[in-house]
Amino acid sequence: NYEAEVPMSQRFQRLFLGTYHSCGENMDGEIICWGALGGNNERKAPEDLAEVVSISTDQHHTCATDPDGHVRCWGGTISAAAIEVPDDLGYVVSVKAGSRHTCALDEHGEVTCWGHSGLSDADVTAVPQLPRITQIGAGGNFACAIDETDGVTCWGDDRYGQVSSVPSFLRP
């Protein structure tokens, strides 16, 4: 049972909703989070993240990109591996937080995922060979990508058909 102190006195220009927490960008560009952000009560984005281009939240962590294409993640203990950003990402144009993993899309259309797959035997961090990617998404214990031909490829946990049941007309 978590009691979150929602910052009612703030005015927000963007909201980002995770499974157990929420974050908002206030009118000054500051990122403020509330709820169960990994149980560590870390309510603000890292101080050295001065400007945010995009944010993604999920179960217990939040990640953001800055104008220089760097990724910063913060949050808690349950998905600690998901916030340990690899050093070799290059210029990141999009980042997506999954339950216990994070995926990044770089300027060359390449995808990198890190973290772990929770209770699944499927490794969501093992990104399959993909053509140039234009968009990514991260779900519970899986991820999907749209390539430059508008084909959809998913990988990771397929317990509910979220990987194998992509309609054939969407597959590359």
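Rules used throughout
- Residues numbered from 1 in each chain as written.
- Predicted model: local features only at pLDDT ≥ 70, side-chain atom pairs only at ≥ 80, totals over all residues.
- Heavy atoms only, no water.
- Helix = DSSP H or I, 4+ residues; strand = E, 2+ residues; numbered from the N terminus.
- Buried < 20%, exposed > 50% of the residue type's maximum accessible area, 1.4 Å probe, protein only.
- Contact = heavy atoms within 4.5 Å.
- Areas by Shrake-Rupley, 256 points an atom, 1.4 Å probe, with all protein chains shown as cover.
- Salt bridge = Lys/Arg side-chain N within 4 Å of Asp/Glu carboxyl O.
- Phe/Tyr/Trp six-rings, centres within 6.5 Å; stacked < 30°, edge-to-face > 60°.
- Pairing = 2+ DSSP bridges.

Chemist: Before we move on, could you go through the overall build of the protein chain and cite the residues and values that matter?
Modeler: Check the secondary structure of the protein chain and you find zero helices and 12 strands. The linear arrangement of helices and strands in the protein chain, starting from the amino end, is β-β-β-β-β-β-β-β-β-β-β-β. Classification of the 172 residues of the protein chain by burial places 48% in the buried group. Of the contacts formed within the protein chain by residues at least 6 apart in sequence, a portion of 37% connects residues at least 24 apart. Carbon and sulfur atoms form 46% of the exposed surface of the protein chain, whose accessible area is close to 9200 Å².

Chemist: Could you give me a rundown of the pattern of salt bridges, with the residues and numbers involved?
Modeler: In total, this model carries two salt bridges according to the counting rule given. For Arg 14, the salt bridge is made with Glu 25, and the minimal N-O distance between the two is 2.6 Å. With Arg 14 in strand E1 (residues 12-17) and Glu 25 in strand E2 (residues 21-26), this pair connects stretches of sequence that are 11 residues apart. Its relative accessible area of 29% is what places Arg 14 among the partly exposed residues. The salt bridge partner of Asp 157 is Arg 159, with a shortest N-O separation of 2.8 Å. Residue Asp 157 is classed as buried on the basis of its relative accessible area of 8%.

Chemist: Could you give an account of the packing of aromatic side chains, with specific residues and numbers?
Modeler: Throughout the structure, instances matching the rule amount to one aromatic pair. Ring geometry for Phe 12 against Trp 34: centres 5.5 Å apart, planes inclined by 45 degrees, an arrangement best described as tilted. Of the two residues, Phe 12 sits in strand E1 while Trp 34 sits in strand E3 (residues 31-35), which places them 22 residues apart along the sequence. Among the residues examined, Phe 12 registers a relative accessible area of 25% and is labelled partly exposed. Exposure remark for Trp 34: the relative accessible area of 11% places this residue in the buried category.

Chemist: Can you explain the environment of Ala 82? Please cite residues and give values.
Modeler: Along the chain, Ala 82 falls in the loop between strand E6 (71-75) and strand E7 (92-97). C-alpha of Ala 82 to C-alpha of His 116: the two residues are 34 residues apart in sequence and 7.1 Å apart in space. Setting aside chain neighbours within four positions, we find Ala 82 in contact with His 61, Cys 63, Cys 73, Arg 100, His 101, Thr 102, Trp 114 and Gly 115.

Chemist: Residue-level account of the pairing of strand E9 (residues 111-115), with values.
Modeler: In terms of strand pairing, strand E8 (residues 101-106) meets E9 through five bridges, oriented antiparallel. Residue Ala 104 lies in a different strand from E9, and its bridge partner there is Thr 112. In sequence, E8 turns back onto E9 through a hairpin of four residues, with Gly 109 there showing a positive phi of about 80 degrees.

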